Amino acid sequence: MGEEAVEFSVEKVAKGCKQSAVDVGDKTFVIGSSDDDSKPPVIVKILGKRTQTWYCTSVHHFIVLGTQPTLTKSQSAIPVNDEKILIIEKGVPLNESIWFLEIDTPFVKQQRKIKGTEVVSLSKGVIGVGQKPVVISGPSGVGKGTLIAKLMKDYPSKFGFSVSHTTRSPREKEIDGVHYHFTERSKIDKDISEGKFLEFAHVHGNVYGTSIEAVESVTDEGKRCILDIDVQGARSVRASSLEAIFIFVCPPSFEELEKRLRARGTETEEQIQKRLRNARAELDQSNSPGLFDHLLVNDDLEACYENLKKLLTLDDSQEDSIDFYIKDGKQTASYSIMSKNDSEILLQFETNEAKNGAASLLALDLSSLSGGAPGRTRGLKIRSINSF
Ligand SMILES: Nc1ncnc2c1ncn2[C@@H]1O[C@H](COP(=O)(O)OP(=O)(O)OP(=O)(O)O)[C@@H](O)[C@H]1O
Ligand SMILES: Nc1nc2c(ncn2[C@@H]2O[C@H](COP(=O)(O)O)[C@@H](O)[C@H]2O)c(=O)[nH]1
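Residues numbered from 1 in each chain as written. Chains lettered and ligands numbered in written order. Predicted model: local features only at pLDDT ≥ 70, side-chain atom pairs only at ≥ 80, totals over all residues. Heavy atoms only, no water.

The line we're drawing: UniProt positions are given in the numbering used here, feature names are shortened, and annotations may be inferred rather than shown by experiment.
Taking an unreviewed UniProt entry as the reference, the chain is identified by name as Guanylate kinase 1 belonging to Urochloa decumbens. Checking UniProt for the chain, the heading Sequence similarities (unreviewed entry) contains the comment "Belongs to the guanylate kinase family." Quoted verbatim from the Catalytic activity (unreviewed entry) field of UniProt, the annotation for the chain is "GMP + ATP = GDP + ADP".

1. Things to note about the overall build of the chain
Definition in use: Numbering of helices and strands runs from the N terminus; a helix is a DSSP stretch of H or I covering at least four residues, while a strand is a stretch of E covering at least two. Whether a residue is buried, partly exposed or exposed follows from its accessible area with a 1.4 Å probe, protein chains only, as a fraction of its type maximum: under 20%, in between, or over 50%, in that order. Contact definition: two residues touch when any of their heavy atoms are within 4.5 Å. Only the protein chains shown count as covering a residue, and every accessible area follows the Shrake-Rupley method with a 1.4 Å probe.
Counting its regular elements, the chain contains nine helices and 23 strands. Taking all 388 residues of the chain together, 51% fall into the buried category. Within the chain, contacts between residues separated by at least 24 positions form 59% of all contacts whose residues are at least 6 apart in sequence. About 19100 Å² of surface is accessible on the chain, with carbon and sulfur atoms providing 50% of the total.

2. Some details on the sheet that holds strand β10 (residues 134-137)
Threshold: At least two bridges found by DSSP between two strands are what make those strands a pair. Angles here are taken between N-to-C directions and fall from 0 to 180 degrees, while the axes themselves are lines fitted to C-alpha atoms, restricted in helices to the stretch in contact.
Spatially, β11-β16-β10-β17-β18 is the arrangement adopted by the five strands of the open sheet, whose pairing is parallel. The open sheet has two free edges, formed respectively by β11 (159-161) and β18 (294-297), since each of these has just one partner strand. The mean inter-strand angle of the sheet, taken between neighbouring strand axes irrespective of direction, is 25 degrees. Note: strand β17 (residues 245-250) against β18, four bridges, orientation parallel. For I247, the partnering residue across the bridge sits in β18 and is H294.

3. Concerning the sheet that holds strand β4 (residues 53-56)
Strand order in the open sheet formed by four strands is β1-β2-β3-β4, with antiparallel pairing between adjacent strands. One side of each edge strand has no neighbouring strand; the edge strands of this open sheet are β1 (20-24) and β4. Adjacent strand axes in the sheet meet at a mean angle of 25 degrees, parallel and antiparallel pairs treated alike. Relative to strand β3 (residues 42-48), strand β2 (residues 27-33) runs antiparallel, the two being bridged by seven bridges. Counted as the bridge partner of F29 is I46 from β3.

4. Let's talk about the site of ligand 1
Rule in force here: Consider each residue's heavy atoms; a residue with any of them within 4 Å of a molecule or strand counts as near. Here a polar contact is recorded for every N or O atom pair within 3.5 Å, except that within protein the pair must consist of a potential hydrogen donor and a potential acceptor, and residues adjacent in sequence are included only if both atoms are side-chain atoms.
With respect to spatial proximity, 14 residues lie near ligand 1, and among them S140, K144, G145, T146 and R264 are the closest. Backbone polar atom of G145 to an oxygen atom of ligand 1: 2.8 Å apart, as the coordinates give it. Side-chain polar atom of R275 to an oxygen atom of ligand 1: 3.1 Å apart, as the coordinates give it. The protein chains hide 74% of the 640 Å² of surface that ligand 1 would expose on its own. For the shell around ligand 1, the secondary structure elements donating two or more residues are α3 (144-154) and α7 (254-264).

5. Remarks on the packing of aromatic side chains
Selection rule: In summary, the pairing rule links any two rings of Phe, Tyr or Trp, Trp by its six-membered ring, whose centres are within 6.5 Å, and it sorts them by plane angle into stacked for under 30 degrees, edge-to-face for over 60 and tilted for everything else. Placement of a charge over a ring requires the Lys NZ or Arg CZ to be within 6 Å of the ring centre, with the centre-to-atom vector within 35 degrees of the ring normal.
One pass over the full model with this rule turns up five aromatic pairs. Residues Y180 and Y208 carry aromatic rings whose centres are separated by 5.8 Å and whose planes lie at 65 degrees to one another, so their mutual orientation is edge-to-face. Remark: Y208 occurs in strand β15 (residues 206-211) and Y180 occurs in the loop between β12 (165-166) and β13 (181-182); sequence separation between them is 28 residues. The pair Y180 / Y208 is uniform in exposure class, with both members buried. Consider the rings of Y335 and F349, whose centres lie 5.1 Å apart with planes at 90 degrees: the pair is edge-to-face. One end of the pair, Y335, is in strand β19 (residues 335-340); the other, F349, is in strand β20 (residues 344-349), with 14 residues separating them in the sequence. Using a relative accessible area of 3% as the deciding quantity, one classes F349 as buried. Following the ring pairs from residue to residue traces out a cluster consisting of Y180, F182 and Y208. The ring centre of F100 lies 5.5 Å from the NZ or CZ of K84, which sits over that ring.

6. Examining the site of ligand 2
Operational definition: Throughout this entry, Asp, Glu, Lys and Arg are counted as charged residues, while Ala, Val, Leu, Ile, Met, Phe, Trp, Tyr, Cys and Pro are counted as nonpolar. The remaining residues, Gly among them, count as polar.
Around ligand 2 there are 19 residues in total, and S164, R168, Y180, Y208 and D228 lie nearest to it. Between ligand 2 and R168, the relevant distance is 2.6 Å, taken from an oxygen atom to a side-chain nitrogen or oxygen of the residue. G209 is positioned with one of its backbone polar atoms (N or O) 3.2 Å from an oxygen atom of ligand 2. A total of 510 Å² of accessible area belongs to ligand 2 in isolation, and the protein chains cover 95% of it. Of all the secondary-structure elements, those providing two or more residues to the shell around ligand 2 are β14 (197-203) and β15. In terms of residue class, the shell around ligand 2 is made up of five nonpolar, six polar and eight charged.

7. Looking at the side chain of R171
One can find R171 in the loop between β12 and β13. Here the side chain of R171 touches E267 through a polar contact of 2.7 Å, side chain to side chain.

8. Things to note about the nonpolar core
Note the threshold: To form a nonpolar core, buried Ala, Val, Leu, Ile, Met, Phe, Trp, Tyr and Cys residues must be joined to one another through side-chain atoms within 4.5 Å.
The biggest cluster of nonpolar side chains holds 23 residues, and the ones touching the most others in it are I136, L151, I226, I247, L308 and L312. At the level of secondary structure, the elements contributing two or more residues to this core comprise β10, α3, β17, α7, α8 (269-285) and α9 (301-314). Ranked by the residues each element gives to this core, the list is headed by α9, at five residues. I78, I88, F100 and L362 belong to the second largest nonpolar core, which has 19 residues in total.

Okay, here's the thing in structure tokens:
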């Protein structure tokens, strides 16, 4: 850890904001909010108890990774275990209030090794389990985008598109942030090295990748995430912790694929040739054992779309498991941490009175935490205890 003693400056924490101090092992973690727009909203400082040395991000050798919560004036915190600290932000909707500061999880250990410096990471807690994301792969020009566009048009509140990053130049009608996040090679390389991508691949001479945020932001909206990625990307997602459904879309024939690619008129002859070469390799891999769950032939578009809908409906048995107490999680509900036992952490409504139908006491099931940084900590189970 760092050699310098750093004075802990209270001025750096926003006026009127509370800080929380949590002891884990031989360290004290101090968590507070910043009102300095140029700085991340959450300030984390670590005190080495034995050495009485402070570490903070303004000094070298300490990085706070992950998604930052929106600024709140007050929070409470408690260690869940040796790996993470639960932070409950007050004065925001319950759905926004649960955060984890990961201090020694596998992701943090890995990042510490890569960066050779002290690392902690923030991860947002998400209540309940959503439906599995859908990965759609297939050769260029087969009609993946066309099928996805139909699905999004017909079910805008049910499905959300994972907007990939790419180093490819935008086509005429493509909008940055809608079809892709068009990006520089140096930027995507940096973000990949910082663990921000679920998967990435070199496709037809460019880099394409799915950021963790692209998937998480769709899922956070309560929508089912659709990923349009190549076979290499599908393989990487298969190997990741993201549990998804994998669909491969095939053309009725190679000739028809070539026809569609040419008719689209978006690629040069050289690019078309490259895409067709890659298409052969992708079609060969469509039968790789354990890679794709379903193959769809896109001959007649309407028939293929109907088959796609059937596949997705099959999986509709997985209902969201959001507890009815917090279904209306958009209401502001200030909870603070009350106590912890081996299996649950109790959260108490701030005023001790249940307001807006919110429960006065909630119990967070500690066995329900899955995922974590660099994504979200999902599947949180919360039950209400209305004993008064
Ligand atoms: N069933 C179909 N019959 C005829 N044409 C189709 C069919 N499906 C899609 N197309 C057309 O084929 C072209 C390629 O489709 P699309 O752009 O959706 O392919 P894609 O798989 O998303 O390609 P890429 O991977 O390069 O993004 C488009 O012009 C689209 O209108
Ligand atoms: N591995 C990934 N592949 C991706 C991603 N986004 C798109 N793609 C695939 O790239 C090709 C070409 O797309 P185009 O828009 O240039 O025609 C296509 O097969 C897409 O599925 C991604 O994030 N990761």
